[in-house]
Amino acid sequence: MPLFDDRGHLFGRINLIDAAVAIVVLLFIPLGYGAYQLFRTPVPEILAVEPGTLVQGNDLTVTVEGKNLQPFLRATVDNQEAVLVVEDPTQAKVTLSELTRPGVHDLVLYDVSREVARYPAAVVLAAPVRTIPESPTLEIRVLGAFTGLELESA
């Protein structure tokens, strides 16, 4: 039995053009998978947040350590937008603008609108400790003498 017959069929059954198309399609499957693995954006991870406890005030900044941090990520703390500055793929700074209520808050990273990483109880916001100023001590010394008093009336 010849490899190609007089009608151009492979082994007398498969059309030569159909066989070529099938081979090209089968070669594109691993090529497409390799391209996906090469060009996909890795999922970011949050490993640690320092300092864990902040006191309510103006400068609320935490340092985030993680993996695959990207500059296009957005950050929120308890549904309030925060400023995320990525220094390198393993470290970023998060500046909180207005976190008003004390308590435990989650740090969430978004890729446009999709949540990609969450660190529960990342920020603990403590109320400022208000110290009552100690009132100054005043000593008064009175010198004098009582006159015109008798022992019975005193």
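Cut-offs used in this document
Residue numbers here run from 1 along each chain, matching the order of that chain's written sequence. In view of the model being predicted, local features appear only for residues whose pLDDT reaches at least 70, and side-chain atom pairs are presented and counted only at 80 or more, with totals across whole chains, interfaces and linings using the full set of residues. Values shown for side chains rest on all heavy atoms present in the structure; no hydrogens or waters enter the calculation. By nonpolar core is meant a set of buried Ala, Val, Leu, Ile, Met, Phe, Trp, Tyr and Cys residues that side-chain atoms within 4.5 Å join together. Each residue is assigned to one of three classes by its accessible area relative to the maximum for its type, calculated with a 1.4 Å probe on protein chains only: buried under 20%, partly exposed between the two thresholds, exposed over 50%. What counts as a helix is a DSSP run of H or I of at least four residues, what counts as a strand is a run of E of at least two, and both are numbered from the N terminus. We call two residues in contact whenever any of their non-hydrogen atoms come within 4.5 Å of each other. By definition, two strands form a pair when at least two bridges between them are found by DSSP. Axis angles are defined between N-to-C directions and span 0 to 180 degrees, where every axis is a line fitted to C-alpha atoms and, for a helix, only to the segment in contact. What a helix should span is 1.5 Å times the count of its residues minus one. Basic side-chain nitrogens of Lys or Arg form a salt bridge, by our definition, when they fall within 4 Å of a carboxyl oxygen of Asp or Glu.

(A) Highlighting the nonpolar core. One finds Val94, Leu96, Leu107 and Leu109 to be the most contacted residues of the largest nonpolar core, which totals 22 residues. Top contributing element to this core by residue count: strand E10 (residues 114-126), with five residues. Each residue touching Leu109, except ones within four places of it in the same chain, is listed here: Ile46, Leu69, Leu73, Arg74, Ala75, Leu84, Arg114, Glu115, Val116 and Ala117.

(B) Fine view of the sheet that holds strand E3 (residues 45-50). Strands sit in the order E3-E5-E8-E7-E6-E9-E10-E4 across an open sheet of eight strands; the sheet is mixed. The strands lining the two open edges of the sheet, one partner per strand, are E3 and strand E4 (53-55). Sheet twist, expressed as the average angle between the axes of neighbouring strands with direction ignored, equals 35 degrees. Relative to strand E8 (residues 91-96), strand E7 (residues 80-88) runs antiparallel, the two being bridged by six bridges. Each residue of the ladder has a partner; that of Leu84, found in E8, is Val94.

(C) Quick peek at helix H1 (residues 16-39). Between the first and last C-alpha of H1 there are 35 Å, a value that for 24 residues agrees with the 34 Å anticipated at 1.5 Å per step. With one of 24 residues buried, H1 lies mostly on the surface of the structure.

(D) Focus on the pattern of salt bridges. Within this structure, the stated rule accounts for four salt bridges. Note that Arg118 is salt-bridged to Glu115, the shortest N-O span being 3.1 Å. A relative accessible area of 43% places Arg118 in the partly exposed class. Through salt bridges that share partners, Asp106, Glu115 and Arg118 make up one connected network.

(E) How the structure looks around unusual backbone geometry. Omega for the bond connecting Glu50 with Pro51 falls within 30 degrees of zero, at -15 degrees, which places this linkage in the cis form. With respect to the helices and strands, the residue Pro51 is situated in the loop between E3 and E4. Here Asn68, not a glycine, exhibits a phi torsion of approximately 60 degrees, which is positive. You can see Asn68 is positioned in the loop between strand E5 (60-67) and strand E6 (74-77). Of the residues examined, Asn68 reaches a relative accessible area of 28% and is grouped as partly exposed. Of note, Ala121 is a non-glycine position whose phi angle comes to about 55 degrees, a positive value. Residue position: Ala121 is located in strand E10.

(F) Representation of the pairing of E10 in the model. Sheet topology note: the E4/E10 ladder contains three bridges and is parallel. Within E10, the position partnered with Leu54 by the bridge is Leu125. As paired strands, strand E9 (residues 103-111) and E10 are joined by eight bridges and run antiparallel to one another. Considered in E10, the bridge of Asp111 is made with Arg114. Between E9 and the antiparallel strand that follows it, E10, lie two residues; Val112 among them carries a positive phi value of about 60 degrees.

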